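What follows is the residue order along each chain.
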Amino acid sequence: MGGITVSEFELPIKIGKIEYTNDWPIYQNFDPAQLSVPAVIHSDLPANLNRGLLEDRLFVTPVSSFAYGTRSDDFWLLPDLSVSAQNAVGSILLFSRKPVAELGSGTIALTNTSATSINLLKIILDKRYGHQPEYVSMDPQLDEMMERCDAALLIGDHAIAAAQRDTGYIITDLGLEWKEWTGLSMTFAVWAVNKRFAAVYPELVTEIGEQLRISKQRSVADLDPVIHEARQKMGGSHEYWEHYFRQLWYDFGDKEQQGLALYFQYAYELGLLDHKVNMELWTDNMMTRVNE
Ligand SMILES: C=C(OC1C=C(C(=O)O)C=C[C@H]1O)C(=O)O
């Protein structure tokens with residue numbers, strides 16, 4: 001290939017972070033200043049992080065699982081980190097006037113901040129219900145979406161804020177739909193690392209993975225600090241946020257990989273992905289291999 005230079009990766013290294021509350025527990029106890037290479041956190045909406053990774057502006061970042069799937073051969077996944085749900089997810093919500101089973105025709109508005117969930121909705125509607133409605137991508141504004149469309153998909157804090165309002169719409173949780181249908185968990189976001197970046201900075205990649213995992217474990221053992229911050233930003237009760245962060249699942253073990261593999265398989269079968277996805281995890285063995 002040639003041309004790999006350290007200077008391709010500007011310092012400080014930008015480490016991506018999802019702007020929504022859902023991944024706060026993973027970053028709560030993570031301090032990039034403790035890393036051995038200068039690094040800063042870059043917080044953004046999932047769609048922007050996806051573009052950053054795919055357009056070589058970000059090299060270590062959480063992204064929509066679907067965005068990773070579009071070019072999986074170019075990236076490692078950091079082990080044991082994800083934004084997943086074993087059941088209901090609480091913030092991937094379809095708002096509609098009719099139940100999901102009756103959304104066969106008409107138009108559905110999809111938030112332009114997502115990649116995983118908009119394709120998850122297409123998979124569920126097509127494969128579970130035999131529906132092929134029209135889809136339009138829109139800014140995450142529930143009222144504008146429902147003015148033009150029969151249903152609207154929101155994710156993250158936009159979904160949480162819309163669900164707090166008394167709109168009278170039917171609210172369908174896509175994590176729950178997926179679980180009821182497949183019996184599996186669903187992984188919405190994964191931590192991807194550009195393979196060229198990992199070849200230049202293998203120790204740093206391992207360090208970032210370890211530090212994020214330690215941060216996650218501490219947060220899950222004591223959610224109070226993230227709950228406090230979430231209430232300050234978004235309102236809502238302590239119980240609401242405790243339930244939300246407990247519903248979310250941040251590991252990425254065999255079971256989570258199985259759920260995501262089925263999602264990728266369905267996305268491939270529907271032509272949403274043009275190839276089969278082979279997930280590759282970054283492990284410490286990689287570090288020795290890269291150094292050899
Ligand atoms: C649980 C969530 O997970 C996420 C959903 C994503 C997507 O649909 O592409 C991307 C990143 C995460 O924010 C959420 O946003 O509510």
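Residues numbered from 1 in each chain as written. Predicted model: local features only at pLDDT ≥ 70, side-chain atom pairs only at ≥ 80, totals over all residues.

- The name given to the chain in an unreviewed UniProt entry is Chorismate dehydratase, with Paenibacillus bovis as the source organism.
- Here the chain is described in UniProt, under the heading Pathway (unreviewed entry), as follows: "Quinol/quinone metabolism; menaquinone biosynthesis."
- Recorded in UniProt for the chain, the comment headed Sequence similarities (unreviewed entry) runs: "Belongs to the MqnA/MqnD family. MqnA subfamily." (UniProt positions renumbered as here; feature names shortened; annotations may be inferred.)

Observations regarding the packing of helix α4 (residues 116–128) against helix α7 (residues 174–182)
Here is step 1: For the pair α4 and α7, the least separation of the axes is 11 Å and the interaxial angle reads 40°. Viewed along their axes, α4 and α7 adopt a mutual orientation that is oblique. Here α4 runs over α7; the crossing is left-handed. Touching Ser117, Leu120, Leu121, Ile124 and Arg128 of α4 are Leu174, Glu177, Trp178 and Trp181, all from α7. (Axes fitted to C-alpha atoms, helices over the stretch in contact; angles between N-to-C directions. Helix = DSSP H or I, 4+ residues; strand = E, 2+ residues; numbered from the N terminus. Parallel < 35°, antiparallel > 145°, perpendicular 65-115°, else oblique. Left-handed = near helix turned anticlockwise from the far one by under 90°. Contact = placed C-beta atoms within 7 Å.)

Concerning the site of the ligand
Here is step 1: Taken together, 17 residues lie around the ligand, and Ser64, Ser91, Ser114, Ser117 and Phe188 are the ones closest in.
Here is step 2: Sorting the residues of the shell around the ligand by element identifies α4 and β10 (186–194) as the ones contributing at least two each.
Here is step 3: By residue class, the composition of the shell around the ligand is ten nonpolar, seven polar and no charged.
Here is step 4: Viewed by domain, the shell around the ligand spans two of them, domain 1 (6–85 + 186–291) and domain 2 (92–182), each represented by three or more residues. (Near = placed C-beta within 6 Å. Nonpolar A, V, L, I, M, F, W, Y, C, P; charged D, E, K, R; others polar. Domains from an automatic or database assignment.)

Let's talk about the packing of helix α10 (residues 224–234) against helix α11 (residues 238–247)
Here is step 1: Remark: α10 packs on α11, axes separated minimally by 9 Å, with the N-to-C direction vectors making an angle of 120°. On the basis of the axis angle, α10 is oblique to α11. Relative to α11, α10 is oriented so that their crossing is right-handed. The segment α10 lies against α11, with Val226, Ile227, Ala230 and Arg231 engaging His238, Trp241, Glu242 and Phe245.
Here is step 2: Classifying every residue of the contact of α10 with α11 by side-chain character gives five nonpolar, one polar and two charged.

Observations regarding α10
Two residues of an α-helix separated by three or four positions point the same way, owing to the 3.6 residues in each turn.
Here is step 1: When we look at burial in α10, the residues that qualify are Val226, Ile227 and Ala230. Projection of α10 onto a plane perpendicular to its axis shows the buried side chains occupying an angular sector of 100°, all on one side. Along α10, exposed side chains directed more than 90 degrees from the buried face belong to Asp224, His228 and Gln232.
Here is step 2: Summarising the contacts, the buried residues of α10 are in contact with α1 (24–27), α9 (202–221) and α11.
Here is step 3: Positive phi shows up at Gly235, right after α10, with a value of about 75°. (Buried ≥ 20, exposed ≤ 12 C-beta atoms within 10 Å, placed from the backbone. Arc of directions from axis to C-beta.)

Quick notes on the pairing of strand β5 (residues 92–96)
In summary, the side chains of a regular strand alternate between the two faces of the sheet.
Here is step 1: Taking burial as the measure, the five residues of β5 include five buried ones, the bulk of the element.
Here is step 2: Residue alternation in β5 divides its side chains into two sets, Ile92, Leu94 and Ser96 and Leu93 and Phe95, and both sets are buried.
Here is step 3: Looking at chain direction, β5 and strand β8 (residues 151–155) are connected through five bridges and run antiparallel. Bridging from a neighbouring strand, Ile92 pairs with Ile155 of β8.
Here is step 4: With four bridges joining them, β5 and strand β9 (residues 170–173) adopt antiparallel strand pairing. Within the sheet, the bridge partner assigned to Ser96 lies in β9 and is Ile170. (Pairing = 2+ DSSP bridges.)

Things to note about the sheet that holds β8
Here is step 1: Pairing is mixed in the open sheet, where five strands are placed in the order β7-β6-β8-β5-β9. Lying at the two open borders of the sheet, with one neighbouring strand each, are β7 (134–138) and β9. Adjacent strand axes in the sheet meet at a mean angle of 25°, parallel and antiparallel pairs treated alike.
Here is step 2: Lying over the sheet, α4 contacts β5, β6 (107–111) and β8, oriented at roughly 140° with respect to β8.
Here is step 3: Relative to β9, α7 is tilted by about 55°, and along the sheet it contacts β5 and β9.

Remarks on the domain arrangement of the chain
Here is step 1: By the assigned domains, the chain splits into domain 1 (6–85 + 186–291) and domain 2 (92–182).
Here is step 2: The interface is formed by 23 residues belonging to domain 1 together with 21 residues belonging to domain 2.
Here is step 3: Put simply, the parts of the chain that give the side of domain 1 that touches domain 2 at least two residues each are α2 (46–54), α3 (65–70), β10 and α12 (254–269).
Here is step 4: In terms of residues, the side of domain 1 that touches domain 2 owes the most to one element, α12, which gives four residues.
Here is step 5: Taken together, the residues that form the side of domain 1 that touches domain 2 break down as 17 nonpolar, six polar and no charged.

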